[in-house]
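Structural overview
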Amino acid sequence: MKNRSEPDLIHYPPSIYECTIRDVAEFTSNIYRIRFESEAISNHSRPGQFINIKVSDDLNPLWRRPFSIHDVNHRENTADILFKVIGQGTELMSQMQAAQNLNFIGPLGNSFDLPEDGKENAIIIAGGIGIAPFMLLCRRLKEKNVSIHLFWGGRDESDFYLLEEFERSGANLHLSTEDGSVGYKGFVTSLCEAEIHDILKSGTKNMIYACGPNPMLHGISEIAQRIDVPCQISLETLMACGLGACLGCGVKRRTEETSYYYVCKDGPVFYSDEVDLSD
């Protein structure tokens, strides 16, 4: 379990930025990537952190929307977010265009703990758009010569994109689909449980990183507990302020029934033995 009494190292305080959108890419009918210019985010964000975006110039919708920092490019001073259109806010974002301004607060939240050397297996598990925080993580792990196994689950073949970029970032891909159109037929948790033991044999240390729907994260947490491998999970939740002021993103602590962490302030990354996702 992470010691939450210790401050995050190399902390860069969040600020409000007005940056220029460089590019908007549509990967599928409802999956988009926005690339924007920001020296602060490209140089100071860490894998797992997020930004909180103002999606409209008026008051509808009122609240900002949180998005994982998907990737950065130091040479170009750009950063990417990856998102799925699921409501009014993301629908408005899908209509944004290059040269338009993007107003956001960031970088926000904590980050994934990274290994100290290359003698570790990183087992990354993503469900659907839960892939969003993992491009930047893969790049950082590759720099440390860590062996990366990326398990990615989707409904069908249309849920996969950027596969070549993930391979270039050092990831060995393990894909699953519910309909069997790509890779293993079934849930990504089942694929992971079937293959993880062989992966564990190849490293002296192992770490699981996961992001996706809470039921998936609950299943991965149970697997991690059974095989005694530490597991870091990035939680997806609605946030209004992104700064811990509104107290709207509570998640129950595993050890204290009446106490909560707040995902924007205490997370979004937690060790799986810290939080209770059983509900």
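Residues numbered from 1 in each chain as written. Predicted model: local features only at pLDDT ≥ 70, side-chain atom pairs only at ≥ 80, totals over all residues. Heavy atoms only, no water.

**A closer look at the pairing of strand β9 (residues 147–154)**
For a regular strand, side chains alternate in direction, first toward one face of the sheet and then toward the other. What counts here: A 1.4 Å probe rolled over the protein chains alone gives each residue an accessible area, and that area as a share of the maximum for its type sets the label: buried under 20%, exposed over 50%, partly exposed in between. Counting from the N terminus, the helices are the DSSP runs of H or I reaching at least four residues and the strands are the DSSP runs of E reaching at least two. The pairing criterion is simple: DSSP has to find at least two bridges between the two strands. Here is how to tell: hold the view so the strands point away, follow the path from the first strand over the helix to the second, and if it runs clockwise the crossover is right-handed.
In terms of residue burial, β9 counts as a mostly covered element, since 7 of its 8 residues are buried. Bridge count for strand β8 (residues 120–127) against β9 is 7 bridges, and the pairing is parallel. Looking at the pairing, N121 lines up with S147 of β9. Between the parallel elements β8 and β9, the chain passes through helix α3 (residues 134–143) in a crossover that is right-handed. Relative to strand β10 (residues 171–177), β9 runs parallel, the two being bridged by 7 bridges. Pairing of L150 across the sheet is with L173, part of β10. Once you follow β9 into helix α4 (residues 163–168) and on to β10, the crossover reads as right-handed.

**Some details on unusual backbone geometry**
In this chain, G106 is followed by P107 through a cis amide linkage whose omega measures -10°. Among the secondary structure elements, P107 is positioned in strand β7 (residues 101–108). The linkage connecting G267 with the following residue, P268, adopts the cis geometry, with an omega of 15°. One can find P268 in the loop between α7 (263–266) and β16 (269–271). With a phi close to 55°, N77 is a non-glycine residue in the positive phi region. Note on placement: N77 falls in the loop between β5 (71–73) and β6 (78–84). Exposure remark for N77: the relative accessible area of 27% places this residue in the partly exposed category. With a phi angle near 80°, A99 is a residue other than glycine that sits in the positive phi range.

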